[in-house]
Amino acid sequence: MTSRTATFIGFTAILLWSTLALFTAMSGRVPPFQLVGLTFLIGGLLILAVAAARGQLSRIRPTPASLALGVYGLFGDTALYYAAVKTAPPAEANLIHYLWPLLIVLFAALLPGAGLKPRHLLGAVIGLVATALLISGGMSGGLSLAPGHVFAALGAFVWASYSVASRRFAAVPSESLCVTMLACAALAFACHAAFETTLWAPSLVEWIGVFGLGLGSIGLAFVVWDIGMKQGDVALLGVASYAAPVLSTLILVLFGYAQPSLMLGGACALIVVGALVASGGGRKG
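Just so you know, these numbers come straight off a predicted model, no measurement behind them. (Residues numbered from 1 in each chain as written. Predicted model: local features only at pLDDT ≥ 70, side-chain atom pairs only at ≥ 80, totals over all residues. Heavy atoms only, no water.)

Caption draft 1: Region of the structure containing the packing of helix α4 (residues 64-87) against helix α8 (residues 147-165). Direction vectors running N to C along α4 and α8 enclose 160 degrees, while the axes themselves pass 8 Å from each other. One element, α4, and the other, α8, form an angle in the roughly antiparallel class. In this structure, α4 meets α8 at a crossing whose hand is left-handed. Classifying every residue of the contact of α4 with α8 gives 16 nonpolar, seven polar and one charged. (Axes fitted to C-alpha atoms, helices over the stretch in contact; angles between N-to-C directions. Helix = DSSP H or I, 4+ residues; strand = E, 2+ residues; numbered from the N terminus. Parallel < 35°, antiparallel > 145°, perpendicular 65-115°, else oblique. Left-handed = near helix turned anticlockwise from the far one by under 90°. Nonpolar A, V, L, I, M, F, W, Y, C, P; charged D, E, K, R; others polar.)

Caption draft 2: Layout of the nonpolar core. In this structure, F40, L74, W100, F222 and W225 are the most contacted members of the largest nonpolar core, which totals 68 residues. Ranked by residues supplied to this core, first place goes to helix α10 (residues 204-231) with 10 residues. With near-sequence residues (within four places) excluded, F222 lies in contact with W17, F40, L74, W159, L177 and M181. (Core = buried A, V, L, I, M, F, W, Y, C linked by side-chain atoms within 4.5 Å. Buried < 20%, exposed > 50% of the residue type's maximum accessible area, 1.4 Å probe, protein only. Contact = heavy atoms within 4.5 Å.)

Caption draft 3: Inspection of the environment of L95 at higher detail. Its place among the elements puts L95 in helix α5 (residues 90-97). With 33 residues separating them along the chain, L95 and L128 place their C-alpha atoms 8.9 Å apart.

Caption draft 4: Seen up close, the packing of aromatic side chains. For the coordinates displayed, the defined rule picks out 11 aromatic pairs. Between the aromatic rings of W17 and W225, the centroid separation amounts to 5.0 Å while the plane-to-plane angle is 55 degrees, which identifies the pairing as tilted. Here W17 is found in helix α1 (residues 3-17), whereas its partner W225 is found in helix α10, with 208 residues between them in sequence. With respect to burial, W17 and W225 carry one shared label: buried. Aromatic pair W159 and Y162: ring centres 5.1 Å apart, planes at 40 degrees, arrangement tilted. With W159 and Y162 both in helix α8 and three residues apart, the pair spans about one turn of that helix. Linked through ring pairs, W17, F40, Y98, W100, W159, Y162, F222 and W225 together constitute an aromatic cluster. (Phe/Tyr/Trp six-rings, centres within 6.5 Å; stacked < 30°, edge-to-face > 60°.)

Pasting the structure below:
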């Protein structure tokens, strides 16, 4: 697989993550850790089924190190994100958490033979401004430090460091994420049993949200992102990730969960500019 093909595959994760807010909203009353457990279980079983259908069950075995990294990244970021939105205003927590694409671009400079280019940094900064513009409409005047702000920043660091570090495990098949997801599901269900009350009868809409997350935003998205991180252009994928909150908001508008605004249009324009700058207008190098 060429780097360009892997990068294109990685882009599909961003498209899938754009449905994250919609499906999360649809999941309604499902408690956070129960939701995490269900979605990781569905995602893990999806990957397992695909591997079995292709006769590639031998590829689902992670190494101990890749499993540890996967649990650190997938479960760690998810747990920190939910802790953040419960202990800080959600808009502020989201903005801080969306520092992870910028961190990916910066961390990419540490990869062998990767090298951070000025256009990557400039594109990341433009993307950060776009994200701030998109989310700041729900922010209060001053930003006072709360535990949730720290959790969100830690989550950004966890996901960015996991994404870039996964490059070190390029030889480990992406199908091995099914074992990692099932391990994350077990951890999430343990946390759910300890801290939450089970919702035994979700509505049809809530189940659609759960399965939408498990099959797409969690299951398939993590696999294609893993391919992009291991074999594609890490810096460019980091910059392109700023499209996720914009696309997510557009979908929320289409489904009636948010209202269109000039601020949204401005954020979309900046995302396009940032992506063009980072990609060098399609030039190599």
